[in-house]
Amino acid sequence: MKREPRAADSLHLVLDPSDPLSLQHQLRQKLVNAIHRRVLRPGQRLPSSRQLATRIGVSRNTVSLAYDALLAEGHLASRSRSGVYVASAAPGARLGRIQRTLDPASPLASRLAPMADDDGFRCPQHWHRYPFPFIDGRVDAELTPVPEWTEAIRLAGSRHEVVQWPLEGGEADDSMLADEMRGKVLPMRGIEAGADELLMTLSSRHALQMAGELLVRRGTAVVLEQPTDPEFERRLRERHAEVRYLDPELRDPLPAGVVVVTSGRHGFAAESGHPRRLLAHVAAADGVLIEHDVPAGVQDGGRVAPALRAFDRDGRVVYVGGLAPTASCGEPPGVLVAPAAFIERARQLRRGQGTALPRILQRAWAYFIGLGHYSSCLVRAGRVLAERRTALRDALNHYLHERVSIETSPGASAYWVSMPGGMDARDLAYRAAALGILVEPTRCADGREALCMGVTGISADRIREGVRTLARLVRGDLSSASRRIEDDTVPPLRGRALRQTLAGAALLYRTVYGEPCTLEIRANGDLVGTAGYAGEDCDRGHWWLQGDRWYRQWRQWAYGEAAGYAIVVDGDQVRIYGEDGLMVDAAVLVRRTARRRAGLVPPP
C-alpha cells in the first residue's frame, strides 16, 4: 500500500514518509526554512508538540526531538509555562529585501569578455535518465561503492577528526591522503614520488589546467595528442599559444622548447615502445611533457604500459592523473606529480585560486584507500567493465561491421567508432540523443571523426538494444517521421492508457537552441521542468487530461499559456502533436518503472 505524505498544517508543513530523510529531520528542515523565509517571525509562538504532531500526523516524540534540536541551536526559545517561540535573534535573520532587476545590459555584463564559441561536447545533467547512456566516465549505480563510502565518510566525520580540522589548516595536503597516494595509488602506474613531489587537485581536469597555466605562455609551442580535451585546447588558444597536433607516428621533429600534452583518452600496451620513443622525441627538442593519464578502468591483466612519468629520468614529465571514477561518488580528485620546484609553484597557484580540496574529502579518500576499498573497487569494477566492453564490441560487430571500424586501448572502458565517409560525428550524436542514445563525438589519434562509446554508465543488458538503434540511425532506417498525425503509423494514446503512461514519467528532449531539457510529469498533476547543461533554467506548472488530449501549463515557459496535445508513444519515443495535427516536438520517454530502477523515484 502506498504511503501518502503527512497532512499539512496551517504552515503548509508536509512530511513524506517515503523520503530517505527521517520525519524528524524533515520537520527540522521545514521549520528552519520557514524561519529564514519569515513565514515564522521572531517571537512567534509555535504549536505545542502534541498539537503539531496531531496536525501533521506524526508521533509527539518526533516533534519533541525536532523542537529540542532547534532549541539547542538557537532557532527556537522556550518560555517557562508559555511554550516554544521563534527566537528573537534567530540565526540567519534577513535584512530588508531589495527588488532585484534582471538587466542583461548591466555594467557588469557589459564588461565581460565575448563568450567563446562552445562547440565541444557537453553531457546532459540528467544523462542517467536516458535509455542508452554510452558516456565514458559517467558511472551508474551498479558500480557505485555505497557501503564503502558510507564507512569512509563516517570515519572522516567522526568527532576525533572534526576537532582536528582547525588545527590542520594551511597549504599542505592531508598527510594521510598523501601517504596513501604515494604508497598505494601511484605505484599502480609505476610512479614513485616524494612527499614534496605530489599535489592534490579538485579533479584531473583542474590539474591539467594548472599545469597548462604554469608552462604555457603567449607564443609557446604546444603539441597536443588527439583526442584532446576541448576546454583545455580552447584555453591554450586564448593564451595565443602555437598549437598543433601530434603526429602519431612521430615522423617529424618537434619545435624547440615544445610542451607536449598527451591525450587522457587512451593508453598503450605494456609491450609498446611508443612511450619511450615519445620521451626521446621530447628530449631531442629540449621540451617538456604533460602526461594526461587515462583513468583506471578495465583490468587488462597487466597489459597496460606504466605511466610516462615512470620512465622520466631528467624531470621533463608532469604527471596529471586522478582517482578512478568507478571508485568515486561524484567527481574524483586529481593529482599532479612533478619535481618539487614545479609542485611548489603549483601549490602557490592553487592557493591563489582558492581551490584546495576540502579537508573532509581528503581524509575520507584517505580512509577509503587505506581500508582497501579503493583497490577492491577497481578489481570489482574492472570485471564488470570488461563484460560490458565485450558486449559493446560484439554488438558493434554484429550491427555495424560493414559501416564502421572500432578501436580501443588496454585498460580503456570505451571504443572509438570511426564514422562512415561523409558522416558528421556531432550531427549523428545530436540525432542519436533524440532517440535516447548518448554518445560523445570526438576524433581518433589520426584526426578521423569518431564516436566515443563508453560502458561505465550503461548496464550490459542495455548495450545490444542501444547499438541496434544506433545502427538503424546510421543506416538511415530511422528517417524523420511524417509531421502529420494522420500519417503516423502508431495511433495516439487515449484515456486511461494516456494517464497510465505519462503519470510519474519523465520526458527528455532538446530545446530549439540545442540544450537538454527534462520534464517530470508527476502523478499529482505537477510539472517540473529543468533545462540547460547545469539545470540553470527551471520552471513549474501543472498538467491534466481533457478528452484524449494532454494539457500542460507552465508558470513562465511558453508564456504561461495552456496548450493541449495528442501523444504518440512508440517504444521509448514520444511524438507530440498540436491542435492542428502537426508534430511540434519529439522526446524520449523514461517510464516510472525505469526511473525507480535507477533510484530516481521512491518505491511505493
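Residues numbered from 1 in each chain as written. Predicted model: local features only at pLDDT ≥ 70, side-chain atom pairs only at ≥ 80, totals over all residues. Heavy atoms only, no water.

## Points about the nonpolar core
Here is the rule: Joining through side-chain atoms within 4.5 Å is the link that ties buried Ala, Val, Leu, Ile, Met, Phe, Trp, Tyr and Cys residues into a set, and such a set is a nonpolar core. Exposure categories follow from relative accessible area, calculated using a 1.4 Å probe and restricted to protein chains: below 20% of the type maximum is buried, above 50% is exposed, and the middle band is partly exposed. Counting from the N terminus, the helices are DSSP H or I runs at least four residues long and the strands are E runs at least two residues long. Pairs of residues are marked as contacts when any of their non-hydrogen atoms sit within 4.5 Å.
Ranked by size, the top nonpolar core spans 34 residues in total, and within it F134, L392, L451, M453 and V467 carry the most contacts. Broken down by secondary-structure element, the contributors of at least two residues to this core are α13 (373-400), β12 (414-418), α14 (425-433), β15 (449-454) and α15 (460-475). In contact with M453, not counting residues within four places along its chain, are F134, L392, L396, S413, A414, Y415, V417, V439, V467 and L470. Residues V185, L198, A307 and A366 belong to the second largest nonpolar core, which totals 28 residues.

## Some details on the packing of aromatic side chains
Where we set the bar: Working definition: rings of Phe, Tyr and Trp (its six-membered ring) pair if their centres are within 6.5 Å, and the pair is stacked with planes under 30 degrees apart, edge-to-face with planes over 60 apart, and tilted otherwise. As a reminder, the over-ring test applies to NZ of lysine and CZ of arginine, requiring each to be within 6 Å of the ring centre and within 35 degrees of the ring normal.
Summed over the entire model, instances satisfying the criterion amount to seven aromatic pairs. On the basis of an interplanar angle of 40° and a centroid distance of 6.4 Å, the ring pair of W550 and Y565 is categorised as tilted. With W550 in strand β20 (residues 549-554) and Y565 in strand β21 (residues 563-570), this residue pair connects regions lying 15 residues apart in the sequence. Accessibility assignment for this pair places W550 and Y565 in one class, buried. With a centroid separation of 4.9 Å and 55° between ring planes, the pair formed by W554 and W557 is classed as tilted. The class of W554 is buried, set by a relative accessible area of 6%. W557 gets classed as buried once you look at its relative accessible area, which sits at 16%. Members of the aromatic cluster, connected to one another through ring pairs, are W149, W365, F368 and Y374. When the ring centre of Y85 is taken as origin, the NZ or CZ atom of R79, which lies over that ring, is 3.8 Å away.

## Notes on the state of the cysteines
Linking two cysteines covalently via their sulfur atoms produces the bond known as a disulfide. Rule in force here: For the purposes of this analysis, a disulfide is any pair of cysteine sulfur atoms at a distance within 2.5 Å.
Evaluation of the coordinates by the stated rule reveals zero disulfides. Not engaged in a disulfide, the cysteine C123 finds its nearest cysteine sulfur in C452; these two sulfurs lie 12 Å apart. A relative accessible area of 12% places C123 in the buried class. Free cysteine: C444, not disulfide-bonded; nearest cysteine sulfur from C452 at 9.7 Å.

## Concerning the sheet that holds strand β7 (residues 259-261)
Which entries qualify depends on this criterion: At least two bridges found by DSSP between two strands are what make those strands a pair. Axis lines are fitted through C-alpha atoms, for helices just across the contact stretch, and the angle between N-to-C directions can take any value from 0 to 180 degrees.
Taken in spatial order, the seven strands of this open sheet run β4-β10-β9-β8-β7-β5-β6, and their pairing is mixed. Edge positions in the sheet fall to β4 (198-201) and β6 (242-245), since each of these pairs with one other strand and no more. Geometrically, the sheet is characterised by an average inter-axis angle of 20° between neighbouring strands, direction not taken into account. With three bridges joining them, strand β5 (residues 221-224) and β7 adopt parallel strand pairing. Within β7, the position partnered with V222 by the bridge is V259.

## Quick look at the packing of helix α1 (residues 23-36) against helix α3 (residues 60-72)
Worth spelling out the cut-off: Here the angle decides the label: under 35 degrees means roughly parallel, over 145 means roughly antiparallel, 65 to 115 means roughly perpendicular, and every other value means oblique. For a crossing to be left-handed, the near helix must be turned anticlockwise from the far one by less than a right angle; the clockwise case is right-handed.
The interhelical angle for the contact between α1 and α3, taken along N-to-C directions, is 50°, at an axis separation of 9 Å. The angle between α1 and α3 falls in the class oblique. Classified by chirality, the crossing of α3 by α1 is right-handed. Contacts between α1 and α3 involve L23, Q24, L27, R28, L31 and V32 from the first element and T62, V63, L65, A66, Y67, A69 and L70 from the second.

## Structural notes on empty space enclosed by the protein
Test applied: Cavities and pockets are found on a 1 Å grid laid over the protein atoms alone: a cavity is a set of points where a 1.4 Å probe fits but cannot escape, a pocket is an open set with protein on both sides within 12 Å along at least five of seven lines, and a lining residue has an atom within 4 Å of such a point. Grid points are joined across faces, edges and corners, and a volume is the space filled by probe spheres set on the points.
In this structure the tally under the stated criterion is one cavity of 30 Å³ or more. If you add up the space inside the largest cavity, you get close to 60 Å³. If you go around the largest cavity, the residues you meet are P124, Q125, H126, Y130, L508, P516, C517, T518, T530 and G532. The leading source of residues in the lining of the largest cavity is strand β17 (residues 516-521), at three residues.

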